[in-house]
Each structure stands twice: as structure tokens, then as C-alpha cells.
Amino acid sequence: MERVAFLIERTGERVSCLLNPESLETRRTAGIRTRREAGGFLAGRSRTDHPLIATGGGVTELDLRLLFDTGIAATDRGQRPASLQSADGATVPSEDVRTLTRPLWDLSENAFSDGFGAPPCVRFIWGKSWNMASVVIGVAERLEMFDANGTPQRSWLSLRLRRIEEPEPRAAPPLPVTPQFEPPAATDEDTEDAYPTLVMHVDDDGAPLTRLEQIASDRYGNPELARPLADYNGLDDMLKVEEGTVLVLPPAAKLWSGL
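Calculation criteria
- Position labels on residues start from 1 in each chain and follow its written sequence.
- Under the rules for a predicted model, residues below a pLDDT of 70 receive no local features and side-chain atom pairs below 80 are neither given nor counted, while totals for whole chains, interfaces and linings still include all residues.
- Here the side-chain values reflect all heavy atoms present in the structure, with hydrogen atoms and water set aside.
- Helix and strand assignments come from DSSP, with helices taken as H or I runs of at least 4 residues and strands as E runs of at least 2, each series counted from the N terminus.
- Relative accessibility under 20% of the residue-type maximum defines a buried residue, over 50% an exposed one, and the middle range a partly exposed one, all with a 1.4 Å probe and only protein chains included.
- Any two rings among Phe, Tyr and Trp, with Trp reduced to its six-membered ring, count as a pair given centres within 6.5 Å; such a pair is stacked if its planes are under 30 degrees apart, edge-to-face if over 60, and tilted if neither.
- Definition used for salt bridges: Asp or Glu carboxyl oxygen within 4 Å of a side-chain nitrogen of Lys or Arg.
- Grouping buried Ala, Val, Leu, Ile, Met, Phe, Trp, Tyr and Cys residues that are joined through side-chain atoms within 4.5 Å yields what is termed a nonpolar core.
- Any two residues whose heavy atoms approach within 4.5 Å are treated as being in contact.
- Note on scores: pLDDT gives the predictor's confidence for each residue, bounded by 0 and 100.
- Pairs of N or O atoms within 3.5 Å make up the polar contacts considered here, provided that, within protein, one atom can donate a hydrogen while the other can accept it, and that residues adjacent in sequence are counted only when both atoms are side-chain atoms.

(A) Region of interest: the environment of N149. When you line up the elements, N149 lands in the loop between β10 (130–146) and β11 (152–163). Residue N149 is classed as exposed on the basis of its relative accessible area, which comes to 66%. Between the alpha carbons of N149 and S94 there is a distance of 8.7 Å; along the sequence they are 55 residues apart.

(B) Main features of the packing of aromatic side chains. In total, this model carries 3 aromatic pairs according to the counting rule given. Taking the centre distance of 5.5 Å and the plane angle of 35° together, the rings of F6 and F124 count as tilted. Placement of the pair is F6 in strand β1 (residues 2–8) and F124 in strand β9 (residues 122–126), with a sequence separation of 118 residues. The exposure classification of F6 matches that of F124, with both residues buried. Aromatic pair F124 and W130: ring centres 6.1 Å apart, planes at 55°, arrangement tilted. Classification of F124 as buried rests on a relative accessible area of 0%.

(C) Seen up close, helix α3 (residues 212–220). Restricting attention to buried positions, one finds in α3 the residues L212, E213, I215, A216, S217 and Y220. One or two positions beyond α3, positive phi appears at G221, with a value near 80°.

(D) Fine view of the pattern of salt bridges. Taken as a whole, this structure holds 12 salt bridges when the rule is applied. The closest approach of N and O atoms between E61 and R162, which form a salt bridge, is 2.7 Å. Here E61 is found in strand β6 (residues 52–69), whereas its partner R162 is found in strand β11, with 101 residues between them in sequence. A relative accessible area of 10% means that E61 is categorised as buried.

(E) Fine view of the nonpolar core. Counting 24 residues, the largest nonpolar core has F6, L66, F68, L104, L159 and L161 as its most contacted members. Elements supplying a minimum of two residues to this core: β1, β2 (14–19), β6, α2 (98–108), β9, β10 and β11. The biggest single contributor to this core is β6, with 4 residues. Leave out the neighbours within four places in its chain, and L161 touches F6, T60, E61, L62, L64, V122, F124, M132, S134, V135 and V136.

(F) Representation of the confidence of the model for the protein chain. Summarising the model, the protein chain shows a mean pLDDT of 76, and 70% of its residues fall at 70 or more. Averaged pLDDT values over the elements of the protein chain bottom out at 49 in strand β7 (residues 86–87) and peak at 92 in β11. Across residues 175–189, confidence stays below pLDDT 50; counting only partners more than four residues off in sequence or on other chains, it has 6 contacts.

(G) Geometry of the side chain of R123. Tracing the backbone shows R123 in strand β9. Among the residues examined, R123 registers a relative accessible area of 7% and is labelled buried. Among the polar contacts listed, one links the side chain of R123 to the side chain of N131, at a separation of 2.9 Å. Not counting residues within four places of it along the chain, the set of residues in contact with R123 comprises A5, F6, L7, E9, N131, M132, A133, E166, R211 and E213.

Listed below in C-alpha cells is the structure:
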């Protein structure tokens, strides 16, 4: 099992879970459709293929099999599982695993709509290899480990994502030039000590309050430089950093060279 995370772009909420990598499946559908006429499909002659029209683009989809478990979630929070906690001899009610999977269900139900029925964007992040902006187009859930009250403790959730186009990279904003803050001229002796820095602040779970994608977009005009920026600063996990971590912001050329 591998730990993965989903970032909901609209709210900044992070959903963490476990992934069975053996079940990950990707598929691509080319931008081609069968030619039609008013009466229906336009067929070719005998023993030939239907005429096709190339529409351009296409569809890339990703099928994931995810595991949510209340016991694992409690351990990650530094707590004992609810089923093992008791007070005055009374067992504390178990946590419902559906509270953990609810955010992904909400994404499929368009609970947060940007415009007319627009599904919200969610970013799938797994290690250093996967950082994909997508929308949820299908979800199915199998519940297990029910307690005496019928509350499920474990969920195997099948999720289908459709990749969406990343926003166009913007030109990097110019550095401010004032009498007080004059950017140093580039020299052969230019070292990392001369690069600007940014102090990272995190929430209670250790997640950066300002995500690296946003920093890369603001600084370099391209959110895809978030992973190279993390590698340059020795950050393995872009979703969890130490409070007060100093992020060095090198020139974009140094980040591109590491791709």
C-alpha cells in the first residue's frame, strides 16, 4: 500500500488515503468520432470501416482503488482507534469511515459548483511521479468491518478521474525595483546565498498554508515547477513540511535543468 493525497483546489482541503498500486489503470481515448448524417451513422461500402472525423484532443482517465480505514486514520492523528477507547466501562461509538470518503463523494455530486454544473478540480498527488489536475467522473464504495451499530470502519473506494488541462503558464512577474530593494546583478560569483527565500508556515497537520504549486505559479508563472522546486530544497513530501522551513527560490533556469 502507498499513501496518496487529493487536494481540492476550491477549498484547499486535503484528503489522504492508501492506494493499492497494483490496481492503478490509465486509459486514453483519442479525439475521433464516427461521421454522422441526418439519418444516423454514415457507413462505408461493404467490408470497410465507418468514416471517421478527427476532432482533436481526447480523454485521459485514471482508475484508482483506494483504502480508507478509521483505525489507520486515528493512528495518523496520534489517537487510539475509537473502538478501543472507553470511559467508565462504556465503549465509545466507532467513527464512520464514510466521514473520510465523503469529500470524494461530494466531488462526484458537484457539491461545490463553479458556474453551471461545473465539477470542482481535484489534484491527485502520489510521491514525485504523479501530480495531475482532474475531475471525478465516477465513484463506487465497498464497506467492511461493521460494528454492533452497523457503522462501517473500512472502505474500498473505486475512483475514476479524468485529466483536465493545466492552466496556461503565465509570465513570471518582474521583481520589484525600489531604492530600498535593488535586485543584485547576476555575476559569475552568484551563489545560493543571493537567492530570495520564503519561510513556510503550516497548519495543524503539517500542510503548507501556501502550496508549492501556488508559489511556483506566483514566482515563475508555471505551477509545474512545484516538484523541481521541492527537489531543489530537499523536500520529499510537498504536502507536509516543518514549520519555519526556509524555501530557497533559485532562478527558473536551475529548476528547468533538473527536469
